[in-house]
Amino acid sequence: MTHARLDPGQSRSSPCRRHAALGALVPLALALLLGDTADAASETVDLELVLAADGSGSIDPEELKLQREGYASALTSPEVMSAIASNLHGAIAVLYLEWGAPSSQDIVVDWMTIRTAADADAFADRLRAAPRRSYGYNSISNAILFADRLMRENAAEGLKRVIDVSGDGPNIGGAPIREARDQVVAGGTVINALSVRRAGSQTAGSMAWTGQPLEDYYRDNVIGGPGAFVEIADETRRFTDAVRSKLVQEIAGIDAARRIFAAAAPVSASDEPAVP
């Protein structure tokens with residue numbers, strides 16, 4: 001705190017002068033205090049992003065570990081950091097949750113602002129270390145409703161909001177999926193999806209369950225909002241590559257994503273972003 005200085009000729013015993021000096025400091029201190037509180041209460045970022053990953057019973061412990069590692073590696077990649085830096089504020093607010101049964105939505109890593117590589121590393125470290133708590137099958141609808149509420153209650157003010165859903169099966173239980181999707185999209189949030197094809201997973205039986213491939217089911221029932229898209233991770237495209245491409249598009253947009261991947265060296269065909 002800055003203390004008022006007394007002039008050499010000013011009497012230290014003068015209560016009027018002392019009260020006047022203190023009175024001048026009060027508004028300044030109050031303004032500084034309120035300014036700090038405002039900064040802590042809200043922060044403007046380019047994107048509020050919820051990573052809503054499948055933590056249901058179809059995901060075994062090894063698959064869950066690989067899935068988290070894929071997100072951690074993608075978030076810390078040079079391409080994602082370039083995407084963050086390319087925007088107006090150079091910052092995104094990110095939360096990672098895992099979903100399962102209608103009553104199971106677990107916040108694995110709470111909201112963090114990512115501006116720098118150190119921020120991304122800290123997020124990735126927390127993601128790798130967190131215990132598993134999600135259970136049951138397979139409520140995408142309740143997960144996106146939960147994610148949307150988290151964005152409306154957080155401290156960030158994003159220029160856009162995106163829920164990034166990944167899964168290996170269709171919606172099972174909870175709110176009707178299209179009603180949940182439409183409610184979230186009507187509030188201005190975009191929902192994108194990642195279809196994860198794994199041998200022996202629910203994806204393999206998606207045709208029998210829904211009558212269509214999982215990525216088509218996600219297009220018809222899960223995604224929504226301007227520019228919404230579905231990415232695919234399968235035996236021809238690594239999970240990390242698909243997540244990285246998806247994140248760069250969500251953060252920077254499709255045109256900037258093309259430039260970012262074109263500038264990366266080397267760039268494999270699997271890194272190219274899919275056109276929505």
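Located above this text is the structure these notes cover.
These numbers were taken from a predicted model, which means no experiment stands behind them.

**Points about the sheet that holds strand 4 (residues 105–114)**
Taken in spatial order, the six strands of this open sheet run 4-3-2-6-7-8, and their pairing is mixed. Two strands lie at the open edges of the sheet, namely strand 4 and strand 8 (230–233), each paired on one side alone. Across the sheet, the axes of successive neighbouring strands diverge by a mean angle of 15 degrees, strand direction being ignored. Where strand 2 (residues 47–54) and strand 3 (residues 92–99) come together, eight bridges link them in parallel fashion. Its bridge partner lying in strand 3, Val50 is registered against Leu95. Contacting strand 6 (161–167) and strand 7 (189–196), helix 6 (residues 177–186) runs over the sheet at an angle of about 135 degrees to strand 7.

**Things to note about helix 2 (residues 61–75)**
Over its 15 residues, helix 2 runs 21 Å from end to end, which matches the ideal 21 Å to within 8%, given 1.5 Å per residue. Within the sequence span of helix 2, burial applies to Glu63, Leu64, Gln67, Arg68, Gly70, Tyr71, Ala72, Ala74 and Leu75. In this structure Asp60 caps helix 2, since a side-chain oxygen of it lies 3.1 Å from the backbone nitrogen of Glu62.

Conventions and cut-offs
Residues numbered from 1 in each chain as written. Predicted model: local features only at pLDDT ≥ 70, side-chain atom pairs only at ≥ 80, totals over all residues. Heavy atoms only, no water. Pairing = 2+ DSSP bridges. Helix = DSSP H or I, 4+ residues; strand = E, 2+ residues; numbered from the N terminus. Axes fitted to C-alpha atoms, helices over the stretch in contact; angles between N-to-C directions. Contact = heavy atoms within 4.5 Å. Expected span 1.5 Å × (residues − 1). Buried < 20%, exposed > 50% of the residue type's maximum accessible area, 1.4 Å probe, protein only. Polar contact = N/O pair within 3.5 Å; in protein donor to acceptor, adjacent residues only side chain to side chain.

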